[in-house]
Amino acid sequence: MNKKLTIYSDTFIWIKKPKGLIYNSQNGHYLLFQPTSEIESICKYLNNFDNLYSIIFDDETLNSETQKFMQNIEERHLGILTNVEANIVSLPPLLNILNAVEKLKADKSRSESENILKYFSALTVYTGGKCANTNYYKQTFYPCNSNEVLTSETIINFLDNIQSQYLNSINIVFSDILNYSDAQVLIDYLESLQIPTTIYVHYTEIMINNRFLDKLRNNNLTVKIICEIDKDLQNILLFCKNESYHYNFLIKNEEEYNILEEMIENLQIKKYTVIPVFDNNLQFFEEHVFVNESDILATKLSKREIFAHQALNTNFWGALTVLPDGKVYSNLHNESVGTINDSIYDLILNEFHNNYSWRLIRNQKPCCDCIYQWLCPSPSNYEFVIGRMNLCNYYNMQK
Amino acid sequence: MEQAKLTINDVEDALINLKQVTLEVTDVCNLRCKYCGYGDLYFGYDKRQDKYLSFDKVKTLIDWLVYIWKFFKTVSYMPTTTIGFYGGEPLMNIDLIKQTVEYVENLKINRNFLFAMTTNAVLLDKYMDYIAEKKFNTLISLDGNSEGQSYRVNHSGRNSFDTVYRNVKLLQQEHPEYFAEHVNFNAVLHNRNSVESTYSFIKNEFGKTPTMSELNNSNIRSDKIEEFNRTYRNKSESLYQSENYEKLAEDIFIGEPQTENLLLFLHQYSGNTFRDYNDLFIDKNELRYRPTGTCTPFGKKIFLTVNGKIIQCERIDHNFAVGNVENGKVNLDFDYIVNRFNAYLDKLSKQCKVCYRKKSCTQCMYYIPDIDNNKPVCHGFMNKTDFENYKSYCMSHLAKKPYLYKKLMTEILVE
């Protein structure tokens, strides 16, 4: 008997042999399957946009596996089986960004530089100066050790030139706030901008600068203290703990995590974030940071969020970082997009031309061969530091 | 969800990133088209008094805009602003057009300028070299063949077809590359032409697909309603009456009303269309929205009339002017603009709250005839049944032509 299968509009069908996945982004329901040749050809037919996610088939001619597949789709609320006359029109997910760069390039009357200022939303400035020499600043907010220092004046000039209403987050990471001249001038200026701003300071500096940092409480700024787990930390925090601060605890292994847990309990710290850092500790990352298949499937993603993964990098999008030498980066693991002397438009355009990070998506191996390609979070700094483009245990287990 | 109101910031933003300045360079026209929006059939425009816009007024407006453009950061690196010339018949004031073009070309400002014009082509033979040299985007008003063009008559009542046809052919011959790239046609539908005849004529003669508009159905004088009804032709009906409907519908693609509606529907309701990359971070259900199809003032253009009035669009009643250019000054009170706009929104808010199309409204409130009354009635209002019908109208069209889905979503470039 002829029947009609229609897949629901918010549902994605992905086949990456030897696996297939149908995922309903409205309710998180899914079906993992083996794409036999019959099932694969059905999926291909459904994925042809001209068929509007419907297929008519003769139930009796399908093999039992395919029949089961069809039933599963309906049982898991991924689609509906009806008689052939049923008047159901479904719209398969088809991302259409009206002002996508490729479309602007294709239109002679338009320019790819249209509206680009609105894409730049977050700025991080590393002031530079003398501090511990690690590369953690390439993973997370962490002081950057350098001979060069970006002066208050330079930073203020740069921000003055940006003058963008779309900039909605500023991060200033101090390396050596004690010896940073005119810090107060910079702070006063940042406050006058009325843009949410976070000041990052390493915990070893708060003993000396406690009074200065305390004053920031009066300003409309957030202070975050970057902490590493070592023998001094508890004493320092005991002495300088301030409820208005937010603490970023960097951890490298389970032992540090256990110490941290106890310390948080002891000191009753309320506002904190735990941030794993990679430092030749792959096993720790594999066990605690890498995602598993169950993690991926447990995270319900909307159609919009899946589209975002397909079009841009949700970690890096809109962010620029300035290093103490004045070079500007969209991602610290790539070439710079210019310097603080360039116009903000040039910096953004360079990122669009080179695509270092803002539109860095999982379209390369091994992720492009995985059914979870678009369900996985966008590539992050960890991928660059670890030197592999997938932070998952799933794909490795498949090999 | 609370409705978003217009703010001064919205208006300022629109001016900083202004896309088009339209200048009504004269109210004089060398034709007397029977259905003209400034003719006997309609009200709601300043009396035509054979006036010519002065360069002083144009310069005052442009200088004021340049000040804004220089002072504030634009969202685009090198924004493009089109200077559009409008009439009357704009070529009747070619001197002002030339002065304006020269002035704009010599502005020292980080901005691209394009020029555009809507013309009846009667004077095209005289000025075509200049128009082609400056690469004007030219929209020629032509209602098809001689019969179709017969409402477009000169002051003696004579059909303008022969003159217009000859001039357009001349332009095509003399400046073929310019013609191919920058010239388009608009035809007004009425009881002496049809979608099919107009399309065939312009396509065959000039290789172009014309846009086709119906007669404006707002602001019709009460004593002219019968005449209007006699003259009016509905685009969809005209299309369905075509001998080769399927082929024609395919050729004119989104010019076909149902396909155009489908495009809008897919953009608004498929959940697959996003204006730009930033929209991928925004849950639209959480967003405050402005329940109107009315453009943000100056969001698309600023229109300067021959009398120095500033209006947000040339298509709306001159009574909706929001300021003027007078005595070397631009008088625009942003508070007034915002308050008036929001006051109109407030008047409609009761209807908007229960309207099923409120989040994707296409109704311009300036087209609501009784908008200045206490309880204006919105013609765009949709109750649940209306909305379901609208949805089914679009989806049944798609079901008949499923190939349109991919085509509309991937091939249509919308600003």
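Draft legend 1. How the structure looks around the domain arrangement of chain A. Domain assignment breaks chain A into domain 1 (2-82) and domain 2 (116-283 + 317-357). Summarising the inter-unit geometry, the C-alpha centres of domain 1 of chain A and domain 2 of chain A are found 48 Å apart.

Draft legend 2. A look at empty space enclosed by the protein. Residues and elements named next belong to chain A. As enumerated under the stated definition, the model contains six cavities of 30 Å³ or more in all. Of the residues contributing to the lining of the largest cavity, the split by class is nine nonpolar, four polar and two charged. Size it by volume and the second largest cavity reaches roughly 70 Å³. Forming the walls of the second largest cavity are eleven residues, and the residues nearest its centre are Cys367, Cys370, Cys376, Asn390 and Cys392.

Draft legend 3. Fine view of the sheet that holds strand β4 (residues 30-33) of chain A. Residue and element names in this part refer to chain A. In spatial order, the strands read β2-β3-β4; together these three strands make up an open sheet with antiparallel pairing. Here the strands that pair on one side only, and so sit at the sheet edges, are β2 (11-16) and β4. Strand-to-strand twist across the sheet, computed as the mean angle between neighbouring axes with direction ignored, equals 10 degrees. Pairing of strand β3 (residues 19-24) with β4, which is carried by four bridges, proceeds in the antiparallel orientation. If you follow Gly20 over to β4, its bridge partner there is Phe33.

Draft legend 4. Focus on the packing of helix α11 (residues 257-269) of chain B against helix α14 (residues 404-411) of chain B. All names here are of chain B. Here α11 crosses α14 at 70 degrees, and the two axes come no closer than 10 Å. Between α11 and α14, the crossing angle belongs to the class labelled roughly perpendicular. When you trace α11 past α14, the crossing you get is right-handed. Packed against α11, whose contacting residues are Thr259, Leu262, Leu263 and Leu266, the element α14 presents Leu404, Tyr405, Leu408 and Met409 at the interface. Taken together, the residues of the contact of α11 with α14 sort by class into seven nonpolar, one polar and no charged.

Draft legend 5. Structural detail: the packing of helix α2 (residues 55-71) of chain B against helix α3 (residues 94-105) of chain B. All names here are of chain B. One way to put it is that α2 packs onto α3 with a least axis distance of 10 Å and a crossing angle of 25 degrees. As the angle between them shows, α2 and α3 are arranged roughly parallel. In terms of crossing hand, the pair formed by α2 and α3 is right-handed. Here α2 contributes Phe55, Val58, Lys59, Ile62 and Asp63 to the contact with α3, which in turn contributes Leu96, Gln99, Thr100, Tyr103 and Val104.

Draft legend 6. Inspection of the layout of surface pockets at higher detail. All names here are of chain A. Computed from the structure, the second largest pocket encloses a volume of approximately 1000 Å³. Lining the second largest pocket we find 48 residues, and of these Phe141, Asn315, Phe316, Ala319 and Asn381 sit closest to its centre. Secondary-structure elements contributing two or more residues to the lining of the second largest pocket are β8 (122-128), β9 (169-174), β13 (272-276), β14 (319-322) and α13 (381-386). Of the residues that constitute the lining of the second largest pocket, the class distribution is 24 nonpolar, 19 polar and five charged.

Draft legend 7. Looking closely at the pairing of β9(A). Residues and elements named next belong to chain A. Buried residues dominate β9, accounting for five of its six residues. At this point the chain moves from β8, through helix α4 (residues 152-162), to the parallel β9, and the crossover so formed is right-handed. In this fold, the crossover linking β9 to strand β10 (residues 197-202) by way of helix α5 (residues 183-193) has right-handed handedness.

Draft legend 8. Local environment of the sheet that holds strand β5 (residues 54-58) of chain A. All names here are of chain A. The three strands lie next to each other as β5-β1-β6, forming an open sheet whose pairing is antiparallel. Sheet topology places β5 and β6 (79-82) at the edges, where each strand pairs with a single neighbour. Each strand axis lies, on average, 20 degrees off the axis of its neighbour in the sheet, ignoring direction. The strands touched by helix α2 (residues 64-75) are β1 (2-7), β5 and β6; relative to β6, the strand with the most contacts, the crossing angle is about 120 degrees.

About the criteria used
Residues numbered from 1 in each chain as written. Chains lettered and ligands numbered in written order. Predicted model: local features only at pLDDT ≥ 70, side-chain atom pairs only at ≥ 80, totals over all residues. Heavy atoms only, no water. Domains from an automatic or database assignment. 1 Å grid on protein atoms, 1.4 Å probe; cavity = no way out; pocket = protein on both sides within 12 Å on 5 of 7 lines; lining within 4 Å. Points joined across faces, edges and corners; volume = space filled by probe spheres on them. Nonpolar A, V, L, I, M, F, W, Y, C, P; charged D, E, K, R; others polar. Pairing = 2+ DSSP bridges. Helix = DSSP H or I, 4+ residues; strand = E, 2+ residues; numbered from the N terminus. Axes fitted to C-alpha atoms, helices over the stretch in contact; angles between N-to-C directions. Parallel < 35°, antiparallel > 145°, perpendicular 65-115°, else oblique. Left-handed = near helix turned anticlockwise from the far one by under 90°. Contact = heavy atoms within 4.5 Å. Buried < 20%, exposed > 50% of the residue type's maximum accessible area, 1.4 Å probe, protein only. Right-handed = clockwise from strand over helix to strand, strands pointing away.

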